[in-house]
Amino acid sequence: MSHVGVGPRAVMRSVAFLTAGVLAVPALAGCSSEDPSGKPLAAQDVAAAARARVADGGTLRWAVDSVPDTLNAFQSDADATTARVAQAVLPSLYRMDERGRPVRNPDYLESAKVVETEPKQVVVYKLNQQAVWSDGREIGAADFAAQWRALSGKDTAYWTARNAGYDRIEKIERGANDLEVKVTFDRPYADWKSLFTPLYPKEVTGTPDAFNDGARRGIEVTAGPFTVKKVDTKADEVVLTGNPRWWGEPAKLDKIVLRAVPRDERVSELVAGELDLAEIDPDTAEQVARAAAPRDAGTGTPLMGPDGTPAPGSGASALPGPQGGSAARALRSWAIANGSDEEAAEEEILAREKRRKAEAKAERRRKALSGFEVRKSLEPAYTQLALNGAEGPLADERVRRAVARALDREKLAEAVLKPLGLPAEPVGSHLALSGQPAYADGSGALGEQDAKEARALLADAGWVPGGPVKKSEDGEKAAGAEKSEDDEDGKKSDGGDEGTYIVGEDGKAGKDGEDGKDTDGKNKDDGEGGREEGEDAGGTDQESGEKHSSGKNTAQGGAPGAYAPKGTAAPAGAAAAPVAKDGKALTLRFVLPSGPGSQALRTVADRISDMLEKIGIGTEITKVPDESYFKDHVASGEYDLALYSWPASAFPATDARPIYAKPVPAADGSLNVAQNYTRVGTDQVDQLFDQAMGTLDEGKARDLLRKADSRIWAAAGSVPLYQRPQLVAARENLANAGAFGFETPVYEDMGFLKKGARGAEASASPAR
């Protein structure tokens, strides 16, 4: 879950929520004889083909979100395109397999083993004897040592985004020969396989100046199947060409052009023939699927079933009315155009010409898109509901748990994934995804959806149903609980009037037509899935902000964790009545991105609002520009509820710790939140992460991570919802590229099928 580039900022809050010995959690899955990690919910979809079936040559035009500001993956402004370039041109000692596990890359490594554990951990890397940089120099210990010194954190002249793992290395030296690199750690490090991927040449990491500026707009020395020819900011593209010194399987493609194309413009670029591969949204995916559907030879329309709906497998949408409707309309049009009413005839003739041109344009568009197909899988990333525990009502862990237990996560997953034909299972872990070794469903530590229990948690926190909630200027208070010194709630965020509507306050739903909601509370976009633009925290490198809070843990009695104290009665017959305390209704500010690619987020947010309304919580939805969503709201703490994503990691002990670590005092007395934008953390979770990071027993490390996940669930700072959909439009004859899922792309195997070569006789594999 690496999220490079987000610097720490201050936030003051009470953080003593859960302590060892008092958390009531179910038996951990790691204790069971049955493997709880499961299997990946969806396989990759890349039109896998044996290399023998792929033609030599050609250019792959691949849409990306941006031309990166830097090609140094360890700098704060690195992005997803930076990572893509690094995968193609630099050594990766380990790459991810179909289950999201690290596997040795034989192109660079013959072996890598822990050869000593006492008195210190020692790892010996044996390099592929053919591995050389593009200038002819052998890859060796000098490159490893230079990268360690740059990323160790000891020299602040290096502008690095992170030093996790490298700060545990004591020394790096040459092994028995030039092909061996010996790394000695000063502390045990479980995730040692995460290091030196990517590996930069010493020319980039050897000095602060070279590291800070030497690889921002190019990398002169590379060691992958491709090399960087140019980074063209005017043309918004990065051009990669084959590396003549590459020793592995030669690249099938001559060139890969990574073009920055906004997501809402990609369908036009596909139609224009300017792209071969592009991640797309569900609307574009539907257009591509319909264009590629089987069609009637006579009419050119999608083949239909006996009931007038698309034939199975056609990918087409149902047409309005019976199939004979178009013929009836054509006959009526002809009658008007040739009728005695000259004025009506002239209008109809003009309308027919307009329709003819529109139909011709649509047919050209269809033919252009018919050369593409949709490849789909699930991204190695999940979308979560974040609950800001810095201040206000959500500083109380009972209120956070009430929110979490009001959610039907299965329905939320179905709303996004089911219409796309993807497995709609809710994510059960904060630290891994189904199929990864560390995965186990830890949601039992919080408890299943239970509106009655959620209302009881609210009641225990002092939020109870009452009479009408009056504004303060009216001089009246709601019939809620009185505020006590030990039970303070904060004011809801002021989102302003523009772009805002309130769900659940005074029993009112959103206005008809606003943000996809009808007055009957139904969502116009129900069932619409999509790629969430602006939601991926892993791809947004911004600084978090500052916030202050006096929120504290006021849970009394019972077993702190997932449930209200024993004996707390749930209010009867008040499922939809707003809850209030000290004369104020419980209304949470729900911040969402407003961009065209965020339909799925808005669908999910509307459903969450409906679920919260059922337990008496109102939501004030505020839509903000995509470019400011993460930086100005999520990272800075200006929200109560938010939806965004984290990428999965093969090394959760290292990569997930800063996301869930308890904020700690900084030198200036403020709190450093790192990447924990919910501001919710515990000492015990930190200890479990540290223990997992410091053990070389893989089974023990998994158990520790699963325990940490259970406690993260119980703290209810964030609620994992669903694995994100991955929809990719790919040219039909493009092989070994598309929706990659967990697996690292094999760039040298990508290419266009030979003429007459359809289908795949063998799958491409990272390990050859």
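Reading the values: rules and limits
Residues numbered from 1 in each chain as written. Predicted model: local features only at pLDDT ≥ 70, side-chain atom pairs only at ≥ 80, totals over all residues. Heavy atoms only, no water. Helix = DSSP H or I, 4+ residues; strand = E, 2+ residues; numbered from the N terminus. Buried < 20%, exposed > 50% of the residue type's maximum accessible area, 1.4 Å probe, protein only. Contact = heavy atoms within 4.5 Å. Areas by Shrake-Rupley, 256 points an atom, 1.4 Å probe, with all protein chains shown as cover. Axes fitted to C-alpha atoms, helices over the stretch in contact; angles between N-to-C directions. Parallel < 35°, antiparallel > 145°, perpendicular 65-115°, else oblique. Left-handed = near helix turned anticlockwise from the far one by under 90°. Nonpolar A, V, L, I, M, F, W, Y, C, P; charged D, E, K, R; others polar. Pairing = 2+ DSSP bridges. Polar contact = N/O pair within 3.5 Å; in protein donor to acceptor, adjacent residues only side chain to side chain. Phe/Tyr/Trp six-rings, centres within 6.5 Å; stacked < 30°, edge-to-face > 60°. Salt bridge = Lys/Arg side-chain N within 4 Å of Asp/Glu carboxyl O. Core = buried A, V, L, I, M, F, W, Y, C linked by side-chain atoms within 4.5 Å.

A. Local environment of the overall build of the protein chain. Helix and strand content of the protein chain: 17 helices and 26 strands. Put simply, the protein chain has 768 residues, and 53% of those count as buried. Relative to all contacts within the protein chain whose residues are 6 or more apart in sequence, the contacts with residues 24 or more apart total 75%. Accessible area for the protein chain stands at about 32,300 Å²; split by element, carbon and sulfur atoms hold 48% of it.

B. Structural view of the packing of helix α10 (residues 409-417) against helix α12 (residues 599-613). Between α10 and α12, the least distance of the axes is 10 Å, while the angle of their chain directions is 155°. Taken as axis vectors, α10 and α12 run roughly antiparallel relative to one another. Crossing of α10 against α12: the hand is right-handed. Note on element contacts: α12 touches α10 through A600, T603, V604, R607, I608 and M611, opposite K411, L412, A415 and V416. In terms of residue class, the contact of α10 with α12 is made up of seven nonpolar, one polar and two charged.

C. Geometry of the sheet that holds strand β18 (residues 584-585). Spatially, β14-β17-β18 is the arrangement adopted by the three strands of the open sheet, whose pairing is antiparallel. The sheet terminates laterally at β14 (464-465) and β18, the two strands that pair on one side only. Bridge count for β14 against strand β17 (residues 579-581) is two bridges, and the pairing is antiparallel. What sits directly across from P465, in β17, is V579.

D. Spatial organisation of the pairing of strand β11 (residues 255-260). In terms of burial, β11 is a largely internal element, five of the six residues being buried. Sheet analysis places strand β2 (residues 59-64) next to β11, joined by six bridges and oriented parallel. Within the sheet, the bridge partner assigned to T59 lies in β11 and is K255. With five bridges connecting them, strand β10 (residues 237-242) and β11 associate as antiparallel partners. Along β11, the bridge assignment pairs E237 with R259.

E. Local environment of the side chain of R51. One can find R51 in the loop between β1 (11-12) and β2. Assessed through its relative accessible area of 17%, R51 is described here as buried. A polar contact of 3.0 Å, which involves the side chain of R51, links it to the backbone oxygen of E748. Residue contacts for R51: discarding those within four places in its chain leaves E249, P250, K252, E748 and D749.

F. Here's a closer look at the packing of helix α6 (residues 282-291) against helix α8 (residues 342-369). Here α6 crosses α8 at 90°, and the two axes come no closer than 8 Å. In terms of orientation, α6 lies roughly perpendicular with respect to α8. Contacts between α6 and α8 involve Q287, V288 and A291 from the former and R365, R366 and L369 from the latter. The residue inventory of the contact of α6 with α8, partitioned by class, reads three nonpolar, one polar and two charged.

G. A look at the packing of aromatic side chains. A full pass over the atoms with the stated rule returns 19 aromatic pairs. Aromatic pair W246 and W247: ring centres 4.6 Å apart, planes at 40°, arrangement tilted. With respect to burial, W246 and W247 carry one shared label: buried. Taking 5.7 Å as the distance between ring centres and 90° as the angle between the ring planes, the aromatic pair formed by F630 and Y644 counts as edge-to-face. Residue F630 is located in helix α13 (residues 626-634), and its partner Y644 is located in strand β21 (residues 641-647); the two are separated by 14 residues in the primary sequence. Judged by relative accessible area, which is 2%, F630 ranks as buried. Counting every residue linked through ring pairs, the aromatic cluster contains F74, Y94, Y125, F144, Y166, W192, F196 and Y200.

H. Representation of the pattern of salt bridges. One pass over the structure, following the stated rule, counts 30 salt bridges. For D186, the salt bridge goes to R187, with nearest N and O atoms at 3.6 Å. Accessibility expressed as a relative area gives 37% for D186, which makes it partly exposed. Using a relative accessible area of 38% as the deciding quantity, one classes R187 as partly exposed. Put simply, E269 and R259 hold a salt bridge, and the shortest N to O gap is 3.0 Å. Of this pair, E269 sits in helix α5 (residues 266-271) while R259 sits in strand β11, and the two are 10 residues apart along the sequence. R259 carries the same exposure label as E269, and that label is buried.

I. The nonpolar core, seen in detail. Core analysis: the largest hydrophobic core is formed by 168 residues, its most contacted members being Y125, F196, L240, L385, I608 and L643. Not counting residues within four places of it along the chain, the set of residues in contact with Y125 comprises L93, L109, S111, A112, F144, L179, E180, V181, V183, W192 and F196.

J. Summary view of the sheet that holds strand β5 (residues 109-116). The four strands lie next to each other as β5-β6-β8-β7, forming an open sheet whose pairing is antiparallel. Whereas interior strands pair on both sides, the edge strands pair on one side only; in this sheet they are β5 and β7 (169-174). Averaged over all neighbouring strand pairs, the angle between strand axes comes to 15°, with direction disregarded. Summarising the sheet, β7 and strand β8 (residues 180-185) pair through five bridges and their orientation is antiparallel. From the neighbouring strand, K171 faces β8, where its bridge partner is T184.

K. Broad picture of helix α2 (residues 141-151). For α2, the tally of buried residues reaches nine of 11 residues, placing the bulk of the element in the interior. Of all the positions in α2, only A141, D143, F144, A145, A146, Q147, W148, A150 and L151 are classed as buried. Buried residues along α2 sit in contact with β6 (122-127), β7, β8, α3 (202-205) and α4 (208-213). G153 sits one or two positions beyond α2 and adopts a positive phi of about 90°.

L. Structural view of helix α16 (residues 683-693). All of the buried residues along α16 are Q684, V685, D686, L688, F689, A692 and M693. Buried residues belonging to α16 abut α14 (652-655), α15 (657-660) and α17 (698-715).

M. The arrangement of unusual backbone geometry in detail. With an omega of 0°, the peptide bond running from E118 to P119 counts as cis. With respect to the helices and strands, P119 occurs in the loop between β5 and β6. Cis geometry is found at the peptide bond from T197 to P198, where omega equals -5°. Residue position: P198 is located in the loop between β8 and α3. Despite not being glycine, N736 has its phi angle at roughly 60°, a positive value. Topologically, N736 is positioned in the loop between β25 (734-735) and β26 (751-752). By relative accessible area, N736 is classed as buried at 5%.

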